[in-house]
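Architecture and fold: a report
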Amino acid sequence: MSVGILGTGSYLPERVVTNVDLLALVPDADPEWVSRKTLIEARRFAAPDEAASDLAAHAARAALRRAGVTAAEIDYIIVSTSTGDSPQPPTSNLVQHTIGATGAACFDVNAVCAGFVFALSVANGLLQAQPDALVLVIASDVYSRILDFGDRRTAVLFGDGAGAAVVGRVPDGYGIIDLELASHGDANDLIHVKAGGSRLPASAQTVADGDHYFRMNGRGVRDFVATGVPPALDALLRRNEFKAEDVDHFVPHQANGIMLQELVDAAGLRNAHTHLTLPWYGNVGSASLPVTLDDANHNGSLRDGELVLLAGFGGGMSLGACLLRWGRG
């Protein structure tokens, strides 16, 4: 049985924060420097009353509408997030309640920026066991709430948003061909939020020390992507008797524009159409991949039968890639 994407959707908050606007939050973030070093020109920030579940619900409704499916028909909801509404309950349960998907079993996954592909792999497994099921896979992150705006290296990169996909049975010859997942726990210190968990519970002292902020070793992450991602993509393609030249569309996690240029060259994907939303939305965490996939889908770029390669990578360190044949048949 083949499993594929029946519809996509996304949601970006209304507030646009340009590189010039960012100066009010990050005084030493020279707009020209940000643009040159990252290729980011703007990002979206959630409104004060918007949380990850709100963004996710908007994206979910769009995906359901485009798939021609109602919330009541959904059997499972998987939400990928590292910035959930709260430690408990699962953000997916809040989304279920908001959209009225009362028959869906719900759970969250956290593989940081690789989370959408990890969630897609879980959906694929569920559907192999229950071919007639429908799975709503959502990635939603609100990084503006955990950024240290005194740290120019990270504060300029991130924005907020959500992307979603309805996943279900598709005709043979379409849909997911294979997935590649990898975790590198020895590099867990490259991206982290130190406080707020069971090892270092939130307290007045952790707040004073800034330990609840997102931290990232940018050079270490860049090295991880350069050395770890191209071999993983190559292994996925070779295992399925494809070459990089066969890929029609490359949809990567939107980490940093310069990094992505280097990744495309290193992976031999120069002939593929690499899709970017990073200039307008920045790095939207695990949502950046499905937001970009939705953009590619609805601007008419993806054609029936074309080969699409998805790649997510982020904290953990985690890496996920998915090779699929686009279309519903």
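Look up a bit, the structure's there.
First things first, this report covers the structure right here in the doc. Everything numeric here is computed off the predicted structure, so don't read it as measured data.

1. Remarks on the pairing of strand 5 (residues 105-109)
It is a general feature of regular strands that their side chains alternate between the two faces of the sheet. The pairing of strand 4 (residues 76-80) with strand 5 spans 5 bridges and is parallel. What sits directly across from Ile-77, in strand 5, is Cys-106.

2. Here we look at the environment of His-253
Along the polypeptide, His-253 turns up in the loop between strand 11 (249-252) and helix 9 (257-267). Through-space distance from the C-alpha of His-253 to that of Thr-277 is 9.8 Å; in sequence the pair is 24 residues apart. With residues near it in sequence (within four places) discarded, His-253 still touches Cys-113, Leu-260, Asn-283, Gly-285, Ser-288, Leu-289, Ala-311, Gly-312 and Phe-313.

3. A short note on the sheet that holds strand 11
Within a beta sheet, neighbouring strands are joined by backbone hydrogen bonds and run either parallel or antiparallel to one another. Within the open sheet, the 5 strands sit side by side as 8-14-13-11-12. Their pairing is mixed. Here the strands that pair on one side only, and so sit at the sheet edges, are strand 8 (175-183) and strand 12 (273-274). Pairing of strand 13 (residues 307-314) with strand 14 (residues 318-325), which is carried by 8 bridges, proceeds in the antiparallel orientation. Of the residues in strand 14, the one forming a bridge with Leu-309 is Leu-323. Sheet strands in contact with helix 5 (residues 115-129) are strand 8, strand 13 and strand 14, and its direction is about 125 degrees off that of strand 8.

4. Here's the deal with helix 8 (residues 218-239)
The end-to-end C-alpha distance of helix 8, which contains 22 residues, comes to 31 Å, matching closely the 32 Å that a straight helix rising 1.5 Å per residue would cover. The sharpest bend along helix 8 measures roughly 30 degrees and falls at Gly-228, with the proline Pro-230 sitting one to four residues further on. Every buried residue of helix 8 is accounted for by Gly-220, Val-221, Phe-224, Val-225, Val-229, Pro-230, Ala-232, Leu-233, Leu-236 and Leu-237. Positive phi appears at Glu-241, one or two residues downstream of helix 8, with a value of about 60 degrees.

5. Points about unusual backbone geometry
Residue Pro-89 follows Gln-88 across a cis peptide bond; omega there is 0 degrees. Relative to the helices and strands, Pro-89 resides in the loop between strand 4 and helix 4 (91-99). For Leu-39, which is not glycine, the phi dihedral falls at a positive 70 degrees. Following the sequence through the fold, Leu-39 ends up in the loop between helix 2 (31-38) and strand 3 (42-45). A relative accessible area of 28% places Leu-39 in the partly exposed class. In the Ramachandran plot, Val-112 falls in the positive-phi region, its phi being about 50 degrees despite a non-glycine side chain. Looking at the secondary structure, you find Val-112 in the loop between strand 5 and helix 5.

Cut-off values and rules
Residues numbered from 1 in each chain as written. Predicted model: local features only at pLDDT ≥ 70, side-chain atom pairs only at ≥ 80, totals over all residues. Heavy atoms only, no water. Pairing = 2+ DSSP bridges. Helix = DSSP H or I, 4+ residues; strand = E, 2+ residues; numbered from the N terminus. Contact = heavy atoms within 4.5 Å. Axes fitted to C-alpha atoms, helices over the stretch in contact; angles between N-to-C directions. Expected span 1.5 Å × (residues − 1). Bend = angle between axes of the 7 residues up to and from the residue. Buried < 20%, exposed > 50% of the residue type's maximum accessible area, 1.4 Å probe, protein only.

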